[in-house]
Amino acid sequence: MQIYLAVTPEETQEARGHCRNLAHVAYRIGPGSALLRQSLLLQTKGGLLSVSDRQAPFIDSPEDLRDAVLRECGRRGYSGVLLDFEEAPRRDRTAFVSALAPALSSSRRALFLPEGYAGAAPGAAVLLCTAVSGGSFSQYLQEAVAQAGGAGRLALDVQRLRMDFRLPARSGEGEPLTGEALAALMERENPAVFFSQDLCARYFTYNREGEAHFVLFDDADTLNQKLRLGVGMGFQAAFLMWPEVQDIAPRLFAPWRGGKKPP
């Protein structure tokens, strides 16, 4: 399984010290079906081209955008494309994906995309979010693999879970915590922290103003365990966002530093 760090241009140098496979978050869709690029270093080569559709205009010519992506892949030696599409699938986006997928396949480049676009690119790897807050994480992966027809058709979107649930939390939704908020909460409460084998995450509880809270969070060890499960099941790739793991990068990437595979 290939482990990728998604990085912006200004994060590249620091991140490369921990992970050699980078997804370059430096591209977005512009007017006229253009591929817009942030200021990448001239020597940036290899990894993946990551393109965002945030606030993107309508794609008038999917073929023109496809050709621009292919040219940039050739220029930079990218081995594939990560579609960081946040909006619900639209006709123009789907047409672009349908045009891009076979072209990348012909040039032996990979394509990673959100689940909503899987139908437009049957051979692409679909991203599967790992931020699971209920049930069994292992079973969640197994069910996804069975539904996809094999782990090789999936890639892990490894999101660092940090969530505060007000019990009984019947909706299953909690309040997202920033790293700073979680650290402040732990310092204030000084809780006993436990590991959930089912959720593959750490947790603790506390009471405030008469309400019971359940806090679920990931650290380097839990993320490594999730990655190991992915490796064991045959997932082809996993993605982590550099800002989410920057503070734990040394411990997170130590198991495969020096070219070693994840344990």
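Overview of the structure. Since the model is a prediction, treat every value here as computed from it, not as a measurement. (Residues numbered from 1 in each chain as written. Predicted model: local features only at pLDDT ≥ 70, side-chain atom pairs only at ≥ 80, totals over all residues. Heavy atoms only, no water.)

1. Here we look at the packing of helix H2 (residues 62-76) against helix H3 (residues 91-106)
Next, step 1: Contact geometry for H2 and H3: axes closest at 9 Å, N-to-C directions at 45°. Taken together, H2 and H3 sit at an angle that is classed as oblique. The hand of the H2/H3 crossing is right-handed. Contact residues: Pro 62, Leu 65, Arg 66, Val 69 and Leu 70 in H2; Asp 92, Ala 95, Phe 96, Ala 99, Leu 100, Ala 103 and Leu 104 in H3.
Next, step 2: Partitioned by chemical class, the residues of the contact of H2 with H3 number 10 nonpolar, no polar and two charged. (Axes fitted to C-alpha atoms, helices over the stretch in contact; angles between N-to-C directions. Helix = DSSP H or I, 4+ residues; strand = E, 2+ residues; numbered from the N terminus. Parallel < 35°, antiparallel > 145°, perpendicular 65-115°, else oblique. Left-handed = near helix turned anticlockwise from the far one by under 90°. Contact = heavy atoms within 4.5 Å. Nonpolar A, V, L, I, M, F, W, Y, C, P; charged D, E, K, R; others polar.)

2. Quick word on the pattern of salt bridges
Next, step 1: Enumeration according to the criterion identifies 17 salt bridges in this entry.
Next, step 2: The closest approach of N and O atoms between Glu 189 and Arg 188, which form a salt bridge, is 3.0 Å.
Next, step 3: Residue Glu 189 is classed as partly exposed on the basis of its relative accessible area, which comes to 25%.
Next, step 4: Residue classification places Arg 188 among the partly exposed residues on the basis of a relative accessible area of 43%. (Salt bridge = Lys/Arg side-chain N within 4 Å of Asp/Glu carboxyl O. Buried < 20%, exposed > 50% of the residue type's maximum accessible area, 1.4 Å probe, protein only.)

3. A few points about the pairing of strand S14 (residues 237-241)
Next, step 1: Most of S14 is tucked away: four of the five residues are buried.
Next, step 2: As paired elements, strand S1 (residues 2-7) and S14 share five bridges and run parallel to each other. Residue Ala 6 lies in a different strand from S14, and its bridge partner there is Met 241.
Next, step 3: Relative to S14, strand S8 (residues 154-158) runs parallel, the two being bridged by four bridges. Across the sheet, residue Val 158 finds its bridge partner in S14, namely Leu 240. (Pairing = 2+ DSSP bridges.)

4. Some points on the nonpolar core
As a rule of thumb, nonpolar side chains are buried together in soluble globular proteins.
Next, step 1: Ranked by internal contacts, the top residues of the largest apolar core, which has 58 residues, are Leu 5, Val 81, Leu 83 and Leu 111.
Next, step 2: Examining the composition of this core, we find that five residues originate from one element, H3, more than from any other.
Next, step 3: Membership of the second largest hydrophobic core comes to 11 residues, among which are Ala 6, Ala 23, Phe 112 and Ala 125. (Core = buried A, V, L, I, M, F, W, Y, C linked by side-chain atoms within 4.5 Å.)

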